[in-house]
Each structure stands twice: as structure tokens, then as C-alpha cells.
Amino acid sequence: MAEKEMQKREASSPVETERTTARKVFIPRVDICETKDAIVLLADMPGVDEKSIDITLEKSVLTLLGRVEPETYEGYRSAYVEYEAGDYERAFTLSDEIDRDRIEASVKNGVLRLTLPKAEPVKLRKINVKSA
Amino acid sequence: MVWPELGRYGRVWSPWREMERLQQDMNRILSRESTPYSTTFPAVNIWASDQDVIVTAEVPGVDPANLDITVAENVLKLTGARKPEELKPGEVSHRLERVSGEFARTFRLPFAVDSGKVDASCEKGILKVRLPRAEADKPKKIAIKSQK
């Protein structure tokens, strides 16, 4: 490995499934913070916009997939390389306290912002007992 | 064991050289341990042709207004800041993998640049700066006169 650690961490194996393209896959860096009524997730995905990102929720697994086309410039040679372009993929397991129907996502300047609202606490149901 | 060392260096084994090598190895290992992620932010790629240079940098979450690009002769300087997410009272951080703070990177380009013709764009968190070579710096072909 080179002296300098690369900026991006490459996924050791693409998340569970195999891919059909030969492009590299990176794990996006993520910040997660919890507010009073939501969990906010920020993911660095430079090169990704709202059209090239897929967010899927299957059962309790939330998968982020961002596709980045490698940059090439006609007539130029690569003089210095610090990063490589590739897709981003990362999966998170959600707890039951997330309201899955109200998840919101936006992307700005290559940063994905996911808001995962917490579900309303289950209301107590009182069962009346009839006298027989 | 002297002979394998001879083969490796192609010269006589020296304890000083061996110590130097050990020191280099230790430095490398320690520097990697202390910074699990690279501290170079942003990561930069440079593409070059004879006429100009394209510099691209991954700057996710950096507001283009907070990004300064300065060019002097053949030196390009990128400075800026990435603001950390401010936590309000009562908010808890669970993961903090993204780097934030100020950054400054300087690059020496292969030729002097016409600073008036530099154009930069920032899209999807990727900065792209195109720096054309200065006219005065371009190589000139010198015709050879034949003497008769």
C-alpha cells in the first residue's frame, strides 16, 4: 500500500450482493446524530446528485447506493491522482422506532441528508371489562 | 546472515543502513496508526495537456462561497472550510466520520498559468478548475535557417 492512505475507503466486498459492473465501490463517510424527534444521517458522496442515488428500504435494512461515472477528459493525461471515482454503497439496519413512511432524503453539494423520523409512541389501549 | 542482505541491497551490509530502514518502517507504521483516515482534504486529481491543466477536487459539503482559489505563476492554492454540523442542546451524535474544519492545499503546476483565464465550477461536491497555460510560457518553435 502506498505511503499515503487514500481518502476513500474501498469496500472490502460490495455489500452482500455481487455487482455486474467492474466499477469500484466505496463506503461513504457518515455522520449520524439523534434529535428529539428524528435521526439525521449525513453521507459524503461527491459526484452524486438526486438522479444518481438510490435509497431502498427492505424489511429493516436501509441501503444507500450512489452511482458515479468515472471522469475522463479527452486529450488529457492523468498527472496526479489522489482519489478514484466509483460508486458508493452502505447499508444500515433501522430499529423499530423509525417511522418508515416518513423518511426524507435530500442531496446538496454531494452530501446526502436523510431524516428518519421517530415513530409516535404506541398509545395505550385500555380494554374495558364487561361484567358478565 | 550477510549473504541475503548483500543480495537485497547489492552492497555490503551496514548496521546503520539497517537502523535507518527500521526507523523509516516505524515512522510509516506510526503515522498510519495515528490517522486512520487521511488528513489530506480535499483529495485532488490533476489532468494535464500541453495547453492547460484540469484540477478536480472532492469537496462534499463545502459551500462554494467558502472556497478560495488563488493562482500565482505556476502555484495553485485551494483554501476553504467545511462547517461541522452544529448540535443543538439535547441532540446526540452517534457517528462522526466526516472531517470538518479549515483546509489549505497548494500545488505546483507544470507551467505558468494565465490567471485571468482560469475558470472554476463546483457541482455535486466536485470542484473543477481549468487553468490555461500562459501564452508567454508556451514553447516556441524556432525555425532553423539554412545557410547557402
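In this report, we go over the structure that sits alongside the text. Throughout, a residue's number is its position along its own chain's written sequence, starting from 1. All chains are assigned letters beginning at A, and all ligands numbers beginning at 1, according to the order in which they are written. This being a predicted model, a pLDDT of at least 70 is required before a residue's local features are given, and a value of 80 or more before pairs of side-chain atoms are given or counted; all residues contribute to the totals for chains, interfaces and linings. Computation of side-chain values: all heavy atoms of the structure, hydrogens and water removed.

Residues and elements named next belong to chain B. By the element assignment, Arg133 lies in the segment after strand 8 (126-132). Arg133 sits 23 residues away from Pro110 along the chain, and the two C-alpha atoms are 9.3 Å apart. In what follows, residue pairs with any heavy atoms lying within 4.5 Å of each other are defined as contacts. In this structure, Arg133 is in contact with Asp50, Gln51, Asp52, Phe111, Ala112, Asp114, Lys138 and Pro139, ignoring residues within four places of it in sequence. Polar contact is defined as a pair of N or O atoms within 3.5 Å, subject to the rule that within protein one atom must be able to donate a hydrogen and the other to accept it, and that residues adjacent in sequence are counted only when both atoms are side-chain atoms. At 3.2 Å, the side chain of Arg133 and the backbone oxygen of Asp50 are in polar contact. Numbering of helices and strands runs from the N terminus, with a helix taken as a DSSP run of H or I at least four residues long and a strand as a DSSP run of E at least two residues long.

The subject of this paragraph is the packing of aromatic side chains. Each Phe, Tyr or Trp ring (for Trp, its six-membered ring) is paired with any other whose centre lies within 6.5 Å, and the angle between the two planes then decides the class: stacked below 30 degrees, edge-to-face above 60, tilted in between. According to the stated counting rule, one finds five aromatic pairs over all chains in the structure shown. Residues Phe26 of chain A and Tyr88 of chain A carry aromatic rings whose centres are separated by 6.5 Å and whose planes lie at 50° to one another, so their mutual orientation is tilted. Of the two residues, Phe26 of chain A is situated in strand 2 (residues 25-27) and Tyr88 of chain A in strand 8 (residues 87-93); the sequence distance between them amounts to 62 residues. Comparing Phe26 of chain A with Tyr88 of chain A shows no difference in burial state: the two are buried. Aromatic pair Phe41 of chain B and Phe103 of chain B: ring centres 5.3 Å apart, planes at 70°, arrangement edge-to-face. Taken together, the residues Phe41 of chain B in the loop between helix 2 (15-34) and strand 1 (44-48) and Phe103 of chain B in strand 6 (residues 101-108) connect sequence positions 62 residues apart. Any residue under 20% of the maximum accessible area for its type is buried, any over 50% is exposed, and the rest in between are partly exposed; the area is computed with a 1.4 Å probe on protein chains only. For Phe41 of chain B, a relative accessible area of 13% gives the class buried. Three or more aromatic residues joined by ring pairs make a cluster, and in this case those are Tyr73 and Tyr76 of chain A together with Trp47 of chain B.

Turning our attention to the interface of chain B and chain A. Residue-level contacts link 45 residues of chain B with 41 residues of chain A. Roughly 4,000 Å² is buried in total at the junction of chain B and chain A, and carbon and sulfur atoms are behind 51% of that figure. Considering only the surface of chain B that becomes buried against chain A, Trp47, Arg98 and Lys124 of chain B emerge as the three largest contributors, covering 18% of it. Any carboxyl oxygen of Asp or Glu within 4 Å of a side-chain nitrogen of Lys or Arg constitutes a salt bridge here. If you look at where chain B meets chain A, you find seven salt bridges. When the shortest N-O distance is used, the salt bridge between Asp31 of chain A and Arg98 of chain B registers 3.4 Å. Here chain B is connected to chain A by 23 residue pairs in polar contact (both at pLDDT 80 or more). Just so you know the grouping, Ala, Val, Leu, Ile, Met, Phe, Trp, Tyr, Cys and Pro go in nonpolar, Asp, Glu, Lys and Arg go in charged, and all remaining residues, Gly too, go in polar. Residues that form the side of chain B that touches chain A fall into these classes: 20 nonpolar, ten polar and 15 charged. Here, strands pair whenever DSSP counts at least two bridges between them. Bridging between strand 7 (residues 77-80) of chain A and strand 1 of chain B involves three bridges; their strand directions are antiparallel. Bridge assignment links Tyr80 of chain A to a residue of strand 1 of chain B, and that residue is Ile46 of chain B. Here the buried area means the combined drop in accessible surface, using a 1.4 Å probe, for two parts upon being joined, counting both sides.

Residues and elements named next belong to chain A. Inspection of the sheet shows strand 5 (residues 53-58) paired to strand 6 (residues 61-66) by six bridges, in the antiparallel sense. Of the residues in strand 6, the one forming a bridge with Glu58 is Val61. Counting the residues between successive antiparallel strands, the hairpin from strand 5 to strand 6 contains two residues, one of them, Lys59, with a positive phi of roughly 50°.

Function cannot be read off these values alone, since they describe shape.
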